[in-house]
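The residues making up each chain are set out below.
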Amino acid sequence: MTDKPDEKHAGRAEDESDDKTDKNEAARPAEERNLEKAKSETGTGSGVEQRAPEQSPENLPGPTGEVHAVGERRGMFGVTGTGDTSGYGGLVAAKVFPAPTQKPYGGWFDEVAGALEARLEATELTSAIESVVVHRGEITFHVRREDLPFVAQMLRDDEALRFEFCSGVSGVHYPDDTGRELHAVYHLTSMTHNRRIRVEVTAPDSDPHVPSLVSIYPTLDWHERETYDMFGLIFDGHPALTRVLMPDDWPGHPQRKDYPLGGIPVEYKGGSIPPPDQRRSYN
Amino acid sequence: MSTDQDIFAAPGETSQGRVFTVTGQDWDSITDSIGESAEERVVVNMGPQHPSTHGVLRLILELEGETVTEARCGIGYLHTGIEKNMEYRSWVQGTTFCTRMDYLSPFYNEATYVLGVERLLDIEDDVPEKAQVMRVLLMELNRMSSHLVAIATGGMEIGALTVMTIGFRERELVLDLFELITGLRMNHAFIRPGGVAQDLPPGALDEIRDFVTLMKKRLPEYAALCNANPIFKGRLEGVGHLDLAGCIALGITGPVLRSTGYAWDLRKTQPYCGYEDYDFEVQTWDTADSYGRFRIRLNEMWESLKIVEQCADRLAGLEGAPVMVGDKKIAWPSQLAIGSDGMGNSLDHIRHIMGESMEALIHHFKLVTEGFRVPAGQAYVPIESPRGELGAHVVSDGGTRPFRAHFRDPSFTNLQATSVMSEGGMVADVIVAIASIDPVMGGVDR
């Protein structure tokens, strides 16, 4: 009780002193201002770029429980360097995705998870499910990729599960999720029990391989081809993994976040408009 | 399982014959050459430009005489990178892109995307009732216009030209209603995160009721023309057969699945937008063929009419109710208004932000330029489009733009059934089978 007010007070005092320096900005000698500008431009010294300790991602208040952070977001207006006069450019916020959920998951989620676990234990594959995320009323099973065909076969055939309908696979590229950059997301429906789950597997960019599920869900034929086409994810065991939407001789995989957008440099009075991912934008 | 192993069949012999490019007027030379080689097996490229392939669909058919031994689809001719484009626009702007995918059912594209965004925003329960009713109204009108095109083009492809002309005649009436309500005949971008873009214009309910009355008179014309027509039945019955097991394995939904007798309709099984409050029946047929799919589409239009009537009744009691979520951090700040020179900016709103409230101006500016942030996570809210399960896998990283939006389009998935539906049949039946799937290439290629 005695310490906290002091800390607060100290913090407030610091803020106030910061404010004062800002207000006095114009009154400071020009040499000092130029020096600061040069420092910030070259990245040396203590320019505006330097992150205040209380803004670093690990100090930000995260959601309670386990946190699954993927990358970080800097600034607010897409401006960096000295062009940013607002100060918001120094903001750093972690990109936090919903964390793994602990049991009980609630409702029929527990029945499905329980049935799945029971079957996996019987086959000594207990580590096939990496984590379970329940978010916004949808359940996601993160499955180890080498066990995917086995898990899918069980999800389809087990009486308590009966996910006989697969809506398809959708790729997502998380360039900041080191070691798990490429995600393949399957949406499964149990028409018998009228339930819907999501199964997610990951693969690193350096080894973009995921076992194919075409032999279990034949509908995935074109879906896997599309995901290969767009993300470069190779589905091992697919009967004919070729491009499906892009031309056969197309270089690269367009939906990846590192795919060069190119764009058309439109010149106007000497300036040119960069591709959309390099333009200044809210972020 | 290794990559060089074909899980369906052993690799067949590949032989290359002579290649003919058919451009018309050169049949004599072709028949002469084929006669010399005395080979019955021909590989025919049908499309991508062909009036009977529902847009730019390319079919690669292996024929022995008139029998199709193998049928494969070549797609991608209409790929426009809509999903990628959406990653560089705000969440609201996303609707203007996805509405253009399946151009015959724009409201469904918008709705599934918007429902996903709303789930991530956790405002599903806050969307006003009137917005939900208007969504259902527009979607059901859209189901009718889409089924009308399916029936019209399907009829045209087998030579039933009257079916085409009356189909497009009625579709025009639906498009007139769309124009009245949203301002556009296609590509509306009307369903927005949090509600819909605009309230119903004055007189819209009367127009809708007139339309329902007219359709009740005209829908029987289709039944009278086709249902018992021996030529029509002869072309459709038993063609494009696909049973329930085949449908589930291939992920087929919509009228094709329901033609096997299985009443799977997401409006009933997993209701969204308040579909549980409407009185309608799921239409099924038990023949699992093209004729059954035609009858299902016809019957579904009657059910849609029923829902439209119920929507009109409910909307009559909701006059003046909000059509956008109350949260001013999400709701679009302004609505359009009718001025002396037509529809345009609302002068009241401009007066408010320019003359009365600085905060309102800031708010408007921030929402329009930056947009709102959507909490990180992923959502998938599928809906029953005229062609089957349409779903948007929406991923957010907590930013002002979609991190990824992937559309599971029923046309894309259902088109995979082309091979099983047409192999072993006659070449003329390929067209009928594909017409019964009703693929829209804008949705297939996105």
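Residues numbered from 1 in each chain as written. Chains lettered and ligands numbered in written order. Predicted model: local features only at pLDDT ≥ 70, side-chain atom pairs only at ≥ 80, totals over all residues.

Now for the overall build of chain A. Assigned secondary structure in chain A consists of five helices and 11 strands. Of all intrachain contacts in chain A linking residues separated by at least 6 positions in sequence, the fraction that spans at least 24 positions is 53%. (Helix = DSSP H or I, 4+ residues; strand = E, 2+ residues; numbered from the N terminus. Contact = placed C-beta atoms within 7 Å.)

Another point: the overall build of chain B. Of the regular secondary structure elements, chain B holds 18 helices and 11 strands. Relative to the globule expectation of 22 Å for 446 residues, the C-alpha radius of gyration of chain B, 24 Å, shows essentially globular dimensions. Dimensions of chain B along its principal axes, counting C-alpha atoms only, are 85 × 55 × 40 Å. Residue burial in chain B is summarised as follows: out of 446 residues, 47% are buried. Here the contacts in chain B between residues at least 6 apart in sequence split such that 68% fall between residues at least 24 apart. (Rg over C-alpha atoms; globule rule 2.2 N^0.38 Å. Buried ≥ 20, exposed ≤ 12 C-beta atoms within 10 Å, placed from the backbone.)

This paragraph deals with the interface of chain A and chain B. At the interface, 38 residues of chain A touch 43 residues of chain B. Among the secondary structure elements, those contributing two or more residues to the side of chain A that touches chain B are strand 2 (92-97), strand 5 (165-173), strand 6 (182-190) and helix 5 (220-231) of chain A. The element contributing the most residues to the side of chain A that touches chain B is strand 5 of chain A, with six residues. Class assignment of the residues belonging to the side of chain A that touches chain B gives a composition of 18 nonpolar, 11 polar and nine charged. (Nonpolar A, V, L, I, M, F, W, Y, C, P; charged D, E, K, R; others polar.)

Residue and element names in this part refer to chain A. With eight of its nine residues buried, strand 7 (residues 195-203) lies for the most part within the structure. Two elements, strand 4 (residues 138-143) and strand 7, share three bridges in a ladder whose sense is parallel. If you follow His142 over to strand 7, its bridge partner there is Glu200. Sheet analysis places strand 6 next to strand 7, joined by nine bridges and oriented antiparallel. The residue bridging Val185 from the neighbouring strand is Glu200, located in strand 7. Counting the residues that bridge the hairpin from strand 6 to strand 7 gives four residues, and of these Asn194 lies at a positive phi of roughly 55°. (Pairing = 2+ DSSP bridges.)

The next point concerns the environment of B:Met101. Mapped onto the secondary structure, B:Met101 falls in the loop between helix 3 (94-98) and helix 4 (106-121). When the C-alpha atoms of B:Met101 and B:Glu87 are compared, they prove to be 15 Å apart, with 14 residues separating the residues in sequence.

Moving on, we get to helix 4 (residues 148-157) of chain A. Residue and element names in this part refer to chain A. Turning to helix 4, its buried residues are Leu148, Val151, Ala152, Met154 and Leu155. Along the axis of helix 4, the buried positions cluster into a sector of 160°, meaning they face one direction only. Where the residues of helix 4 are buried, they touch helix 3 (109-122), strand 4, strand 6, strand 7 and strand 8 (209-211). (Arc of directions from axis to C-beta.)

Per-chain confidence: chain A averages 76 in pLDDT, with 73% of residues scoring 70 or above. Ignoring residues within four places in sequence, the model shows residues 35-53 of chain A, a span with pLDDT below 50, making 20 contacts including any to other chains. (pLDDT = per-residue confidence, 0-100.)

Here we come to the packing of helix 7 (residues 204-227) of chain B against helix 12 (residues 290-316) of chain B. A pair of packed helices is characterised by two quantities: the angle between their axes and the separation of those axes. Residues and elements named next belong to chain B. At a minimum axis separation of 10 Å, helix 7 and helix 12 run at an interaxial angle of 165°. Considering their axes alone, helix 7 and helix 12 lie roughly antiparallel with respect to each other. The chirality of how helix 7 crosses helix 12 is left-handed. Across from Leu205, Ile208, Arg209, Val212, Met215, Lys216, Leu219, Tyr222, Ala223 and Cys226 in helix 7, the residues of helix 12 making contact are Phe294, Leu298, Met301, Trp302, Leu305, Val308, Glu309, Ala312, Leu315 and Ala316. Split into classes, the residues belonging to the contact of helix 7 with helix 12 amount to 17 nonpolar, no polar and three charged. (Axes fitted to C-alpha atoms, helices over the stretch in contact; angles between N-to-C directions. Parallel < 35°, antiparallel > 145°, perpendicular 65-115°, else oblique. Left-handed = near helix turned anticlockwise from the far one by under 90°.)

Residues and elements named next belong to chain B. Counted residue by residue, strand 11 (residues 404-408) has five buried out of five residues, so it is predominantly covered. Burial of strand 11 is two-sided: the residues Arg404, His406 and Arg408 facing one way and the residues Ala405 and Phe407 facing the other way are all buried. Inspection of the sheet shows strand 10 (residues 388-396) paired to strand 11 by five bridges, in the antiparallel sense. In the sheet register, Val395 faces strand 11, and the bridge partner there is Arg404.

So, on to the environment of B:Val430. Mapping B:Val430 onto the fold places it in helix 17 (residues 427-437). Spatially, the C-alpha atoms of B:Val430 and B:Ser419 are 9.2 Å apart, while their sequence positions differ by 11 residues.

So, on to the sheet that holds strand 4 of chain A. Residues and elements named next belong to chain A. Overall, mixed pairing links the five strands, which are arranged 3-4-7-6-5 in an open sheet. The open sheet has two free edges, formed respectively by strand 3 (129-135) and strand 5, since each of these has just one partner strand. Averaged over all pairs of adjacent strands, the angle between strand axes in this sheet comes to 20°, irrespective of strand direction. Strand contacts of helix 5: strand 5 and strand 6, with the helix running at about 5° to strand 5, the strand carrying the most contacts.

A separate point is unusual backbone geometry. Trans is the common state for peptide bonds, and a negative phi is the common state for residues other than glycine. Here A:Lys103 and A:Pro104 are connected by a cis peptide whose omega angle stands at -5°. Relative to the helices and strands, A:Pro104 is located in the loop between strand 2 and helix 3. Residues other than glycine seldom take positive phi values, yet B:Asn187 does so here, at roughly 50°. Looking at the secondary structure, you find B:Asn187 in the loop between helix 6 (161-182) and strand 4 (191-192).

Moving on to the sheet that holds strand 2 (residues 58-64) of chain B. Residues and elements named next belong to chain B. Strand order in this open sheet of three strands is 1-2-3, and the pairing throughout is antiparallel. One side of each edge strand has no neighbouring strand; the edge strands of this open sheet are strand 1 (41-46) and strand 3 (67-74). Between one strand axis and the next, the sheet turns by 15° as a mean value, whatever way the strands run. Pairing of strand 2 with strand 3, which is carried by seven bridges, proceeds in the antiparallel orientation.

Further remarks concern the environment of B:Ala249. Relative to the helices and strands, B:Ala249 is located in helix 9 (residues 244-249). The exposure class of B:Ala249 is partly exposed, given the 18 C-beta atoms found within 10 Å.

What follows is about the packing of helix 5 (residues 129-157) of chain B against helix 12 of chain B. All names here are of chain B. Taken N-terminus to C-terminus, the directions of helix 5 and helix 12 make an angle of 155°; their axes are 9 Å apart at the nearest point. Of the possible angle classes, the one that applies to helix 5 and helix 12 is roughly antiparallel. Helix 5 and helix 12 meet at a crossing whose hand is left-handed. Along the contact surface, helix 5 presents Lys130, Val133, Val136, Leu137, Glu140, Leu141, Arg143, Met144, His147, Ala150, Ile151 and Gly154, while helix 12 presents Phe294, Arg297, Glu300, Met301, Ser304, Ile307, Val308, Cys311, Arg314 and Leu315.

What follows deals with helix 17 of chain B. Residue and element names in this part refer to chain B. Among the 11 residues in helix 17, nine count as buried, and that is most of the element. Buried within helix 17 are the following residues: Asp429, Val430, Ile431, Val432, Ala433, Ile434, Ala435, Ser436 and Ile437. Remark: Asp438 follows helix 17 within two positions and exhibits a positive phi of approximately 60°.

The next point concerns the confidence of the model for chain B. Residues and elements named next belong to chain B. Averaged over chain B, the pLDDT score is 87; the fraction of residues at 70 or greater is 91%. Ranking the elements of chain B by mean pLDDT puts helix 1 (residues 27-37) last, at 66, and helix 4 first, at 94. Low pLDDT, under 50, characterises residues 9-15; the stretch is placed with one contact to residues that sit more than four places away or in other chains. Reported confidence for the predicted complex is 0.84 by ipTM and 0.83 by pTM.

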